[in-house]
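Next come the chains, spelled out residue by residue.
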Amino acid sequence: MKAAKAVLSKRKKKSSKKVGLAPGTVAYVGDARDFDAAINVILYSETKDQEIKNASVKDIKFEDPAEGVRWINIDGIHQVSVIEQIGQTFSLHNLVLEDIVHTDQRPKLDEFDSYLYVAAQMVTYDADSHQIVTEQLSIILINNTLISFQELPGDLFEGIRERIRSSTGRLRRLGADYLLYAMLDTIVDHYFAVLEKIGDDLDEIEVNLLNEAANQDINDLHSLKRELILLRKSIWPMREVIGSLSKSQTFQKNLSTEIYLRDAYDHCIRAIDTLELYREMSSSLMDMHLSSLSNRMNTVMKTLTIISTIFIPLTFIAGVYGMNFRNMPEFDFKYSYAIVWIVMILITLMMVRYFRKKGWF
Amino acid sequence: MKAAKAVLSKRKKKSSKKVGLAPGTVAYVGDARDFDAAINVILYSETKDQEIKNASVKDIKFEDPAEGVRWINIDGIHQVSVIEQIGQTFSLHNLVLEDIVHTDQRPKLDEFDSYLYVAAQMVTYDADSHQIVTEQLSIILINNTLISFQELPGDLFEGIRERIRSSTGRLRRLGADYLLYAMLDTIVDHYFAVLEKIGDDLDEIEVNLLNEAANQDINDLHSLKRELILLRKSIWPMREVIGSLSKSQTFQKNLSTEIYLRDAYDHCIRAIDTLELYREMSSSLMDMHLSSLSNRMNTVMKTLTIISTIFIPLTFIAGVYGMNFRNMPEFDFKYSYAIVWIVMILITLMMVRYFRKKGWF
Amino acid sequence: MKAAKAVLSKRKKKSSKKVGLAPGTVAYVGDARDFDAAINVILYSETKDQEIKNASVKDIKFEDPAEGVRWINIDGIHQVSVIEQIGQTFSLHNLVLEDIVHTDQRPKLDEFDSYLYVAAQMVTYDADSHQIVTEQLSIILINNTLISFQELPGDLFEGIRERIRSSTGRLRRLGADYLLYAMLDTIVDHYFAVLEKIGDDLDEIEVNLLNEAANQDINDLHSLKRELILLRKSIWPMREVIGSLSKSQTFQKNLSTEIYLRDAYDHCIRAIDTLELYREMSSSLMDMHLSSLSNRMNTVMKTLTIISTIFIPLTFIAGVYGMNFRNMPEFDFKYSYAIVWIVMILITLMMVRYFRKKGWF
Amino acid sequence: MKAAKAVLSKRKKKSSKKVGLAPGTVAYVGDARDFDAAINVILYSETKDQEIKNASVKDIKFEDPAEGVRWINIDGIHQVSVIEQIGQTFSLHNLVLEDIVHTDQRPKLDEFDSYLYVAAQMVTYDADSHQIVTEQLSIILINNTLISFQELPGDLFEGIRERIRSSTGRLRRLGADYLLYAMLDTIVDHYFAVLEKIGDDLDEIEVNLLNEAANQDINDLHSLKRELILLRKSIWPMREVIGSLSKSQTFQKNLSTEIYLRDAYDHCIRAIDTLELYREMSSSLMDMHLSSLSNRMNTVMKTLTIISTIFIPLTFIAGVYGMNFRNMPEFDFKYSYAIVWIVMILITLMMVRYFRKKGWF
Amino acid sequence: MKAAKAVLSKRKKKSSKKVGLAPGTVAYVGDARDFDAAINVILYSETKDQEIKNASVKDIKFEDPAEGVRWINIDGIHQVSVIEQIGQTFSLHNLVLEDIVHTDQRPKLDEFDSYLYVAAQMVTYDADSHQIVTEQLSIILINNTLISFQELPGDLFEGIRERIRSSTGRLRRLGADYLLYAMLDTIVDHYFAVLEKIGDDLDEIEVNLLNEAANQDINDLHSLKRELILLRKSIWPMREVIGSLSKSQTFQKNLSTEIYLRDAYDHCIRAIDTLELYREMSSSLMDMHLSSLSNRMNTVMKTLTIISTIFIPLTFIAGVYGMNFRNMPEFDFKYSYAIVWIVMILITLMMVRYFRKKGWF
């Protein structure tokens, strides 16, 4: 739960810094970072591939490579000067640069005359803290160059790099649009990984609740619902992004990529289905929990009521004959004590019968 | 309930295995299976029919039979090599093969240039465990050949095979598109069978709840709601599948099949209606149950309160005259005891009247 | 409530019988009936009218009457042979025949080349059992002949027959399409009659709930909600039926009928509005009831708590001086008894003041 | 609340009278009235205006006045003969006449070849009974003549008449379409007056609920919700009416009126917004109330539990030493009494500490 | 909470004053104000800028400045004469003037032949009173002149003025349409500032609720929900305003502004997303709170029940032997007292074991 709150707080801090600035001002609004932005360039075509680690921003030229695809990856958007220089090199609109450094964008696709801008949220699950961690990924697709901007080093795309290096497969043959697809597909696939973890948590909470669980589980359920709400904010717009990508004209659609996009779109809808399913299930769990609480309360109250209604009258009778009046005729009557016992036993039996008839046992 | 959980868990396990693989990688992600994939081919036309059991994958050729329809059924998608060979023979797209072996697809219809791919969920009800069991069915329609892929041996289509063998009726006269329709229609019909079982369970739970049922019934209701949520995930998209099938160009629509498709579409909507009706009814049941719990609690509390408020003051009076002070004038007064009894009876009568006026009896 | 359950059970029983049969198989799936199907034919034109009771199915010819309208009404769809013969005479599609005998159809309109098929649900209210009774009505409109199929003898259309016999008015002048409209209009009008009865029940339940009603009323409310859910299933699709009827080309629309259809459509929407209004009201009633239950519980608990917290300490004090220790100095002190009484009265007053300050009185 | 019920009951009574009649039968179905229908005609143009009170229905001719606008207002639709004569004079369709006398129409706009029919609900708030009172207004716009039908004498349009009489302003200059607009605008404006009153009631209920109000307020809230539900039925369709009016071809749209219609449409949407806002607020109030009830119950129970758990054990101890066994060694021990007191005080302190630690004080 | 109520009350007071007036009557309906309307004019072009403070309404001419943009800002719409004079100068429609002085408009965009009218709600958060304060802003865009009408002095646009004065940047280069955009963008940005504050309140309430908070927090949550409902009323229609602005033909769209509008539109959607997220979170919090209340009640009741069920039977036993019958054989038996103690301890142990088995400890 602390995790979700952290995410929430982070998100909120960001926007307020911006109020009052002119639109298009490139100002980083996220958490303070203490590392330098790192630029990695991968050049690949069907026949060769090359990686340039820690490239200097000055070496990045506008021109596409002679052949194949160029993938420029930048980790560390907090270093605004780097972003601005990239922006200048590729003539990106100031609003795009603002969106890149202004984390917590809603996933979206913006088409410009000569390039595409895609904003997405990479979602991972931190197993230690049961936290969902989101990181903004911005992608510029300009001719055969793809530029990706990330908040932090380390990402989900090591598999893609591996596929590029291994020199076989579709990725090396097809253009930068396929690379863009491959990155989005990886992000969507990770939604399932996260949803699966949430599903596990949901299962655990359910088992606990069925076993008359403690208050803690309800707090867990509440925080899980919150994570689902936050996750939804990332996943829902992604569907639109992929949907409009397949309709985009800038995006060099060849038939092959179109099929893949449809596949990614299907996956996205499936993730949304699962999300909504979990939301409904957690609501149903809450209902069940409330009903089970009431049920247990009923049991507790019945116990109290049975014991009380049996013994309170008996205690009263005992109290009567504990009085110290001089002339209580019963005291001197020989069988009084026995009769009192008989009366008390009869009352008890009647009560027990009454409760049994009412089905309280 | 255990059943629904099992289904849920199965579903979740699948997707995570895939994360990191290239799109289009044909990797089976379901439960481990210990049987070999079995291929059965049925050839039929208006005049003749022939069944080839346990055909070898190598014998399957791309070419359609000279006349009539070829139905290739494969049980056991876990044997990926078989699926890949079929894929090669019929030039299926890798993404389609991936979808075939990647169970828990959302029902969908994908149109390709030369073939159709339909994914559906066969839903059956295991009476022993009160479980809904879902199994993925993938269908490829390519010219006059229909290829169906199932997870397990045994299916819902024995009736269709019987109709083919019996050599009368529409099925033998019409093409592969009618066969596809007949299979989807069978699946939709089975939704009703499952919904009927759920309706019976719902009736039983209702009767139990009206008879002041135990906590168990609420857990049953919760698990029933979960099954409805899961079932919905299978049925809702089916409507779209059938709807877009009737609009598909690849699908060789003759007027006859179109009428049947409309009929299947109507059935699908009816199944959805019934599903939503059950969902609303289970919600209403939950409300009624909560209200009835509160009501019962009220009854319990009233009993306790009536007994307590009558006897606690009386016990107090008895307690007062059980005190051992030397000079309590009442002790020596002759009629004290009788007066105390009279007072106590009066108090009781007043209380009873008060509660009666309040309508607690 | 029993009624709604009966309806529900009936509905469920039907579908499962069909699973496994070929589509278009004409098999009756409803309750067993012990009467013979009766065919009544009414021939009317502007100038004359004629009724043929208990016509034989063999006498029914395909040809329209020379002039005017032919209305063939069949009570008893369980006699499948009759339905099939009619189907043969008028070349009806097998799927239509299946829908006719397969009761519990969703109201729908199917257009064929030469005829229209309309399925509707006649809804009546059985005052004795507070039950909604639904009966399927199937209508075939083919040229100037209208064929209606009903489950049971006795229907809502006696008023229409009366208007035909009385030889005045629009009905005699206009064609079979107007007759179809008149029948649907009658069905829609009966929705209001049923809704009115439900509204009366709702009013009664509300009055009872406001008067701190018993648990029974909540069960009534629950069953009323269920009837609304079932009713909705009949009324909602009717709107579509009438809507698409006015767009149908087969349907011989003259301007006159079009205006009437729009009127029926408006009525249908009004019925739906009322239905949704009742649904919301019953939800609001449930909320109010739950709140009122809590309120009453609060009152009960306050009574108990006031009595207990006043008398339990007093009883304790009395108990203390009922102890039998030898050397209890208070026993010998002359004013002890009076002081104890004073203390007890003071405690009582303090308690009363405390509760009054808390607003519990 | 009684008011809303009255409205509800009225609404329900109406429809059932109609069942069985031929469509287009002009039969009044509302409450019995004991006054005669009154016809008032206002003729006005830019230069002159004339009012004819209590005109005879025979004097009403079909022809428009030579110049300017004719407004015929009829109070008392229960006098069906008058309505029918008007209908004959202006060749109105029977269905329209039926709708006019059949009160409780859904607001709607029906276009005919030569005239427009508008049905609306005038809503006012009866301050004495906190009731919403609805009255049906039917308007026929036929060339430059506007005919309005009301259930009762007295209406919302005195302001419009005043503006006509005062001979300045737009109303006198523009045609009958502007008069129609002005009437609808007045009705929409009255929605706000009614909503405002409901808002005041809502505020009052909220203040009462925050001050731990009585059960009465919840009943008020329930009846307020019901009035909102009923109001919604009047307001929502009004938006469509105004929307389609601006698209109507019969309606003589000049640019001027179009702007005013857009304005009325905006007001309508604003009224709907406010309505929905109140609905949400009343739901939120209900939630808050339920939570506050639970909270108070908690307080009550804590009080009871604290007092009981402290004194019940003490009373038990006193009871033990009130026993009359011969050989109870404690009785003869000198300090027994003091020790018992010390033990009892210790127990009390422990209990108090325990409850304080639990945060119950 | 008081704040939200104030806002609500203000809103409601306004509309009722208007009922009965002719449409287009310019009558101020808001709170009484005691300051004079102030007019400030800013003239700017790419090369120069000029501010005229407290301009007289008579000096305002219809003609645009020779070059650049004219921004006329009017604080104080309660002075209707000023508004009317402006309206006359620029030939504004009376309905527009009515909307300007009639505060609490729904945000909207009205296009006229020669000018645009935009109504928006400026939302700020008063930190002292935890209040949302809304103020209506009306904007007229007519050629290169922008006229803004505000209720009160002091606004959100000081940043824009600063950017105009600083003579650098886009604002000075582009036309009045960009100024309009910049103002709307500022308003949308302030939504985030307000949402952030609400998010902080929500966090605080959540922490308090998790720490078993007092009733006060629920009232806070209720008032927060109300502020969200009110805020929603301002933000939702803003999306439409910006959306239709980008489609407006009057609005001099150059490509540059279009991109900015899209950006503002995205921000608006993001604000709506956050709003809905907070609404869902506050609902989830309410659920959690109710569940936690039930949980605590359970704990309280268990404590009471355990203590009562253990001690009530023991007290009964003690009461029995406190009776004063002559011939109670136990009294004379030597070990009676010890046996009674043993019995009582055994009963206690049994009870404790029973409760432990039930999991109540």
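Treat the numbers as computed from the prediction; the structure is a model and nothing was measured. Think of each chain on its own: its residues are numbered from 1, step by step along the sequence as written. In the order they appear in the text, chains get letters beginning with A and ligands get numbers beginning with 1. Reporting of local features is limited, given that this is a predicted model, to residues whose pLDDT is at least 70; pairs of side-chain atoms are given and counted only at 80 or more, and all residues count toward the totals for whole chains, interfaces and linings.

Quick word on the domain arrangement of chain A
Reported domain spans reflect what an automatic or database domain assignment gives. Assigned domains of chain A: these are domain 1 (2–291) and domain 2 (295–357). Once you take the C-alpha centre of each, domain 1 of chain A and domain 2 of chain A turn out to be 73 Å apart.

Things to note about the environment of B:Ile259
As for its position among the elements, B:Ile259 is in helix α8 (residues 255–320). With C-beta atoms placed from the backbone, a residue is buried if 20 or more other C-beta atoms are within 10 Å of its own, exposed if 12 or fewer are, and partly exposed between those counts. Judged by the 18 C-beta atoms lying within 10 Å of it, B:Ile259 is partly exposed. Counting from the N terminus, the helices are the DSSP runs of H or I reaching at least four residues and the strands are the DSSP runs of E reaching at least two.

Focus: the interface of chain A and chain E
By definition, residue pairs are in contact when their C-beta atoms, positioned from the backbone, come within 7 Å. On the side of chain E, 51 residues touch chain A, which itself brings 49 residues to the contact. At the level of secondary structure, the elements contributing two or more residues to the side of chain A that touches chain E comprise α1 (2–18), α7 (215–245), α8 (255–320), α9 (329–332) and α10 (336–357) of chain A. Ranked by residue count, the leading element in the side of chain A that touches chain E is α8(A), at 18 residues.

Some details on the environment of B:Val300
Tracing the sequence through the fold places B:Val300 in helix α8. Judged by the 23 C-beta atoms lying within 10 Å of it, B:Val300 is buried. Along the backbone, B:Val300 and B:Gly76 are 224 residues apart, and their C-alpha atoms lie at a distance of 58 Å. Sequence-distant contacts of B:Val300, that is, excluding residues within four places in its chain, are made with A:Asn298, A:Met301, A:Lys302 and A:Thr305.

Let's talk about the relation of the copies chain A and chain E
Take chain A, turn it by 72°, move it 0.0 Å along the axis, and it overlays chain E with an RMSD of 0.1 Å. Such a combination of turn and shift is consistent with a five-fold rotation axis. Taking C-alpha positions as the reference, the residue of chain A nearest the rotation axis is A:Gly322, at 4.6 Å. A different interface surface on each copy is seen, since only 18% of the contact residues of chain A are contact residues in chain E too. The copies are overlaid by a least-squares fit using only the C-alpha atoms of residues whose pLDDT is at least 70 in both copies.

Some points on the nonpolar core
As used throughout, a nonpolar core is a set of buried Ala, Val, Leu, Ile, Met, Phe, Trp, Tyr and Cys residues joined through C-beta atoms within 7 Å of each other. Of all hydrophobic cores here, the largest spans 437 residues; its most connected members are A:Leu179, B:Leu179, C:Leu179, D:Leu179 and E:Leu179. Those residues in contact with D:Leu179 that lie beyond four places of it in its chain are D:Val69, D:Trp71, D:Leu146 and D:Leu171. Judged by nonpolar contacts, the second largest core, of 75 residues, contains A:Ile310, B:Ile310, B:Val340 and E:Tyr321.

Quick look at the sheet that holds strand β4 (residues 108–111) of chain E
Residues and elements named next belong to chain E. Strand pairing requires that DSSP identify at least two bridges connecting the strands. The seven strands lie next to each other as β2-β1-β3-β7-β6-β5-β4, forming an open sheet whose pairing is mixed. The outermost strands of the open sheet, each flanked by one partner alone, are β2 (49–55) and β4. This sheet shows a mean twist of 20° between the axes of neighbouring strands, independent of strand direction. One ladder, built from four bridges, connects β4 with strand β5 (residues 116–126); its direction is antiparallel. Bridge assignment links aspartate 110 to a residue of β5, and that residue is tyrosine 117. Fitting a line to C-alpha atoms yields each axis, with helices limited to the stretch in contact; the angle taken between N-to-C directions then spans 0 to 180 degrees.

Focus: the sheet that holds strand β7 (residues 145–150) of chain B
All names here are of chain B. Spatial strand order, β2-β1-β3-β7-β6-β5-β4: seven strands in an open sheet with mixed pairing. The open sheet is flanked by β2 (49–52) and β4 (108–111), the only strands paired with a single partner. Adjacent strand axes in the sheet meet at a mean angle of 15°, parallel and antiparallel pairs treated alike. Sheet topology note: the strand β5 (residues 116–126)/strand β6 (residues 131–142) ladder contains 11 bridges and is antiparallel. Looking at the pairing, leucine 116 lines up with leucine 141 of β6.

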